[in-house]
2 protein chains.
Amino acid sequence: MVRKKRARPSSYSGSITIDDVADMAGVSTATVSRALSSPGLVARDTRERVLEAVRNTGYIPNVAARSLRAARSKLALVVFPTCITPFFSELLIGIENALSAEGYGLITGSLLERPERETQLVHLVAAKQVDGVILLNGQMIRSDTLRVDQLDVPIVAVGVPGKSDIPSVLIGEREGAAAVAWHLLELGHRTFGYVTGAPGYVDDERWGGFTEVLTEAGIAVSEIVRYPGDFTGASGIGAGLQFIESSKRPTAVFAISDMMAIGFMKTLREAGISVPADVSVVGFDGIEFTAFCEPELTTIRQPSEVMGFEAARLLIELVQEKTIPADERSKTLGTELVIRESTAPPSR
Amino acid sequence: MVRKKRARPSSYSGSITIDDVADMAGVSTATVSRALSSPGLVARDTRERVLEAVRNTGYIPNVAARSLRAARSKLALVVFPTCITPFFSELLIGIENALSAEGYGLITGSLLERPERETQLVHLVAAKQVDGVILLNGQMIRSDTLRVDQLDVPIVAVGVPGKSDIPSVLIGEREGAAAVAWHLLELGHRTFGYVTGAPGYVDDERWGGFTEVLTEAGIAVSEIVRYPGDFTGASGIGAGLQFIESSKRPTAVFAISDMMAIGFMKTLREAGISVPADVSVVGFDGIEFTAFCEPELTTIRQPSEVMGFEAARLLIELVQEKTIPADERSKTLGTELVIRESTAPPSR
DNA sequence: CTATAAAATGTAATCGATTACAAAAACACT
DNA sequence: AGTGTTTTTGTAATCGATTACATTTTATAG
């Protein structure tokens, strides 16, 4: 028989601890702890007695105590880029699904306009408050103060540079852009425009996939009209104005984000240029609003929720295993061409 | 002179603790702790010596240890509704700004389709893992398992029922809807339609504000055509179909969410009905897309980022003070009527 | 210059779980 | 029965900060 060193407090001490459970089940705290976290180490009937006591007391482990001793917080940090779009909301849903299924919580941090926020987030990591990090943008990696990728905390990136050796979840950027090119060629287009994103990996890849197919079809890259953009709707409007003012108007334009495509179409519409009769427009991302604009936008749909889910799964594996074969440390997901109203054969 | 009980570990023990800082500054750990969290309690030069040591060692407090002892985690839980819209992303930005400014972190949890997730979140609260909760939807309050509002953790709700005594950040729902009514009356409209939201507080209030003004202007409530909706774009399309099929067509329609207004307009456009020439349409929320649809939508803009910010401020005060005068426990913010292209005088 | 209050600092207990190590119990095999 | 394993359980140290209480130092007053 075991004698408890700590008598059960007669006054309601605020919350139920592992000692209370141990008392009720007539075992030591060590056994309670094991029954809960490594059931295999405890005899069947002892385990059941413990679980019974947990139920009766309504015991919930104190997370801070566990984190302190076990040096694991079961919390992941998700870092958002400066501008939060619907696309990221969907990613978040997938991430949360995967994490919560494994009992992990989720701390979010967006960088926004406040640079000092970045330091704060890095500190979260350095303080071991989180077990892993999911980067939804590549910026933080460049931080001067403390480089996240040098701290020994697992990191997973979503949709950012492939040349870095950070495990990543990517989509087939080139293939997606190539599918756009095929689609437009099939419709009979021979002159093309391209609304760029902010410079970087994503823009490079999409441009590469787009031009590769066009080149094979005999279209010179120099013939493609480039309109500068930065992924935002406002920059799509700017691209639209450039299109209107120019005398050299392609019959098909690929904007590498939906918001830009929508802004672009809006500008054209106001100028009396019809989509798709006069110009075909294609976007990229597959956000919900593409089904509500006029005309409905043909676009490349990214499996955003799946991407988030896979990223979180990858992170969990990294946290738990510490080592994963190099060839499984990144995943590439496919995209889908959604053909709607904004593309049609060119008018003659 | 103080003799440290714990010799400085010669091997790099993984991370720097408060003992290392105390050693370097030649003070006790208690003094280090005080210098950092209640600077007023230590002498000026001692404090500077400690801060210097903190800088030199790169010390970052272990959050788990602090939470355990201080019974505060400096973490807030933000609960999202089942469907995440751009509006909530903006709220989140405001929340994060306010929280991070005070050194608070942010755990997010969305309810989504998984009901068991609700229990998990309630456990987070029960386990004292978070110091406070921001509810972006009213659902969780109804949980059977454990009622969040019965746990003694501060809660702030954003835009949910006022009859509950939970501190809240609200907007002038009635005033906003009234402004819509005034605007449409001023334009000369006399027949009205209303696309409802899912039943509940928000819909009641907006309906109330809308009809009150119309009643005063001599319009019978029974004359207002109600189209059922649930805030989503899809339901706006449904409302549009009903409008088209009906013989009794009002000249102005108020949809109480932007997405519904956008879906509504889309359906009308496809049926050859012109907005605003044939029908004026007004939305509610002020999401970004309202500036990109065709025609640009007249709407009521909610100060979403400010709402998030204020909610977080309120929560921090509750966490720190525990008591706030009843009349300051809720805030109501104003809205703004944004007049754009979707409203015009009725054609005769 | 002493008495007393106030300010600054130190000592050590504490928060609540996990886990290394030790001890006990159960089992297997000659 | 005796000895060696294996399984199960308990004891107590431990994680790293905070803080009650004790002690020392400094300031203030008479």
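Rules behind the numbers
- Residues numbered from 1 in each chain as written.
- Chains lettered and ligands numbered in written order.
- Predicted model: local features only at pLDDT ≥ 70, side-chain atom pairs only at ≥ 80, totals over all residues.
- Heavy atoms only, no water.
- Near = heavy atom within 4 Å.
- Polar contact = N/O pair within 3.5 Å; in protein donor to acceptor, adjacent residues only side chain to side chain.
- Helix = DSSP H or I, 4+ residues; strand = E, 2+ residues; numbered from the N terminus.
- Nonpolar A, V, L, I, M, F, W, Y, C, P; charged D, E, K, R; others polar.
- Pairing = 2+ DSSP bridges.
- Axes fitted to C-alpha atoms, helices over the stretch in contact; angles between N-to-C directions.
- Phe/Tyr/Trp six-rings, centres within 6.5 Å; stacked < 30°, edge-to-face > 60°.
- Buried < 20%, exposed > 50% of the residue type's maximum accessible area, 1.4 Å probe, protein only.
- Lys NZ or Arg CZ within 6 Å of the ring centre and 35° of its normal.
- Contact = heavy atoms within 4.5 Å.
- Least-squares fit on C-alpha atoms with pLDDT ≥ 70 in both.
- Right-handed = clockwise from strand over helix to strand, strands pointing away.
- Buried area = accessible area lost by both parts, 1.4 Å probe.
- Salt bridge = Lys/Arg side-chain N within 4 Å of Asp/Glu carboxyl O.
- Expected span 1.5 Å × (residues − 1).
- Core = buried A, V, L, I, M, F, W, Y, C linked by side-chain atoms within 4.5 Å.

## Re the protein's contact with DNA strand D
Part 1: The environment of DNA strand D is made up of 25 residues, and the closest members are A:T31, A:R34, A:T46, B:I18 and B:S33.
Part 2: Interatomic distance of 2.2 Å between a side-chain N/O atom of A:T46 and a phosphate oxygen of DNA strand D.
Part 3: Contacts to DNA strand D include A:R69, whose side-chain N or O atom sits 2.8 Å from a base oxygen.
Part 4: Contributions of two or more residues to the surface near DNA strand D are made by helix 2 (29–37) and helix 4 (63–70) of chain A together with helix 2 (29–37) and helix 4 (63–70) of chain B.
Part 5: Broken down by element, the residue count for the surface near DNA strand D peaks at four residues, all from helix 4 of chain B.
Part 6: A per-class count over the surface near DNA strand D returns 13 nonpolar, seven polar and five charged.

## Brief notes about the sheet that holds strand 8 (residues 252–255) of chain A
All names here are of chain A.
Part 1: Read from one edge to the other, the open sheet built from four strands follows the order 7-6-8-9, with strand pairing classed as parallel. Only two strands of the sheet have a single partner each, and these edge strands are strand 7 (225–227) and strand 9 (280–282). Across the sheet, the axes of successive neighbouring strands diverge by a mean angle of 20°, strand direction being ignored.
Part 2: Alignment of strand 8 against strand 9, held across three bridges, turns out to be parallel. The residue of strand 9 that forms the bridge with V253 is V281.

## Thoughts on the sheet that holds strand 9 (residues 280–282) of chain B
Residue and element names in this part refer to chain B.
Part 1: Overall, parallel pairing links the four strands, which are arranged 7-6-8-9 in an open sheet. Edge strands, defined here as strands with exactly one partner in the open sheet, are strand 7 (225–227) and strand 9. Neighbour to neighbour, the strand axes of the sheet diverge by 20° on average, direction disregarded.
Part 2: Direction of pairing for strand 6 (residues 192–195) relative to strand 8 (residues 252–255): parallel, over a ladder of four bridges. Looking at the pairing, V195 lines up with A255 of strand 8.

## Things to note about the packing of aromatic side chains
Part 1: Applying the stated rule across the entire model yields 23 aromatic pairs over all chains.
Part 2: Ring centres of A:Y227 and A:F264 lie 6.1 Å apart, and the angle between their planes is 50°; on these two criteria the pair is classed as tilted. Taken together, the residues A:Y227 in strand 7 and A:F264 in helix 10 (residues 258–270) connect sequence positions 37 residues apart. An identical accessibility class is assigned to A:Y227 and A:F264; each is buried.
Part 3: Look at B:F87 and B:F88: their rings are 5.6 Å apart centre to centre, the planes differ by 70°, and that puts the pair in the edge-to-face class. For the pair formed by B:F87 and B:F88, the shared burial category is buried.
Part 4: Three or more aromatic residues joined by ring pairs form one cluster here, namely A:F192, A:Y194, A:W207, A:F210, A:F254 and A:F284.
Part 5: The lysine or arginine in question, A:K74, covers the ring of A:Y104, its NZ or CZ lying 4.8 Å from the ring centre.

## Quick notes on the side chain of A:S280
Residues and elements named next belong to chain A.
Part 1: If you trace the backbone, S280 turns up in strand 9.
Part 2: The class of S280 is buried, set by a relative accessible area of 0%.
Part 3: Among the polar contacts made by the side chain of S280, one reaches the main-chain carbonyl oxygen of A344 at a distance of 2.9 Å.
Part 4: Setting aside its immediate chain neighbours within four residues, S280 contacts L184, H189, T251, A252, V253, S342, T343 and A344.

## Focus: the protein's contact with DNA strand C
Part 1: Close to DNA strand C lie 26 residues, the nearest being A:I18, A:S33, B:T31, B:R34 and B:T46.
Part 2: A:R69 is positioned with one of its side-chain polar atoms (N or O) 2.9 Å from a base oxygen of DNA strand C.
Part 3: For DNA strand C, a phosphate oxygen lies 2.2 Å from a polar atom in the side chain of B:T46.
Part 4: A per-element tally of the surface near DNA strand C places helix 2 of chain B first, with four residues.

## A word on the relation of the copies chain B and chain A
Part 1: With an RMSD of 0.2 Å, the operation that places chain B on chain A is a rotation of 180° combined with a shift of 0.1 Å along the axis. Look at the turn and shift together and you get a two-fold axis relating the two.
Part 2: With an isologous cut-off of 70% or more, the 100% of interface residues of chain B that recur at the interface of chain A puts this contact in the isologous class.

## Things to note about the pairing of strand 6 (residues 192–195) of chain A
Residues and elements named next belong to chain A.
Part 1: Because side chains alternate across strand 6, one face comprises the buried residues F192 and Y194, and the other comprises G193 and V195, equally buried.
Part 2: Bridge count between strand 6 and strand 7: three bridges; the pairing is parallel. When the sheet's bridge partners are listed, Y194 is paired in strand 7 with R226.
Part 3: You can see the chain leave strand 6, run along helix 8 (residues 201–216) and come back into strand 7, and the turn it takes is right-handed.

## With respect to the interface of chain B and chain A
Accessible area lost upon the coming together of the parts is a frequently used measure of interface size.
Part 1: Each partner contributes residues to the interface: chain B has 47 residues there, and chain A has 48 residues.
Part 2: Contact between chain B and chain A buries roughly 4,200 Å² in total, counting both sides, with carbon and sulfur atoms accounting for 62%.
Part 3: Taken together, the connections running from chain B to chain A amount to four salt bridges.
Part 4: A salt bridge links A:E296 to B:K266; its shortest N-O distance comes to 2.8 Å.
Part 5: Counting the contacts that link chain B with chain A gives seven residue pairs in polar contact (both at pLDDT 80 or more).
Part 6: In terms of residues, the side of chain B that touches chain A owes the most to one element, helix 5 (residues 86–101) of chain B, which gives seven residues.
Part 7: Here the side of chain B that touches chain A is composed, by residue class, of 24 nonpolar, 13 polar and 10 charged.

## What about helix 10 (residues 258–270) of chain B?
Residue and element names in this part refer to chain B.
Part 1: Compared with the 18 Å implied by 1.5 Å per residue over 13 residues, the 18 Å span of helix 10 between its first and last C-alpha is a close match.
Part 2: Summarising burial for helix 10: 11 of the 13 residues are buried, a large majority.
Part 3: Listed as buried for helix 10 are D258, M259, M260, A261, I262, G263, F264, M265, K266, T267 and L268.
Part 4: Contacts made by the buried residues of helix 10 are with strand 6, helix 9 (233–245), strand 8, strand 9 and strand 10 (299–301).
Part 5: Phi turns positive one or two residues past the end of helix 10, at G272, with a value near 85°.

## Some thoughts on helix 7 (residues 173–187) of chain B
Part 1: Under the 1.5 Å per step criterion, the end-to-end length of helix 7 of chain B is 22 Å for 15 residues, consistent within 8% with the ideal 21 Å.
Part 2: Positive phi shows up at B:G188, right after helix 7 of chain B, with a value of about 105°.

## What about the nonpolar core?
Part 1: Judged by nonpolar contacts, the single largest core of 142 residues is most densely connected at A:F210 and B:F210.
Part 2: Sequence-distant contacts of B:F210, that is, excluding residues within four places in its chain, are made with B:A177, B:A178, B:V180, B:A181, B:L184, B:F192, B:G193, B:Y194, B:I224 and B:F254.
Part 3: The next biggest cluster of nonpolar side chains, apart from the first, holds 30 residues, and it includes A:V130, A:I155, B:L75 and B:V79.

## Thoughts on the environment of B:S89
Part 1: Summarising the element assignment, B:S89 is placed in helix 5.
Part 2: Considered as a pair, B:S89 and B:E305 are 216 residues apart in the sequence and their alpha carbons are 8.8 Å apart.

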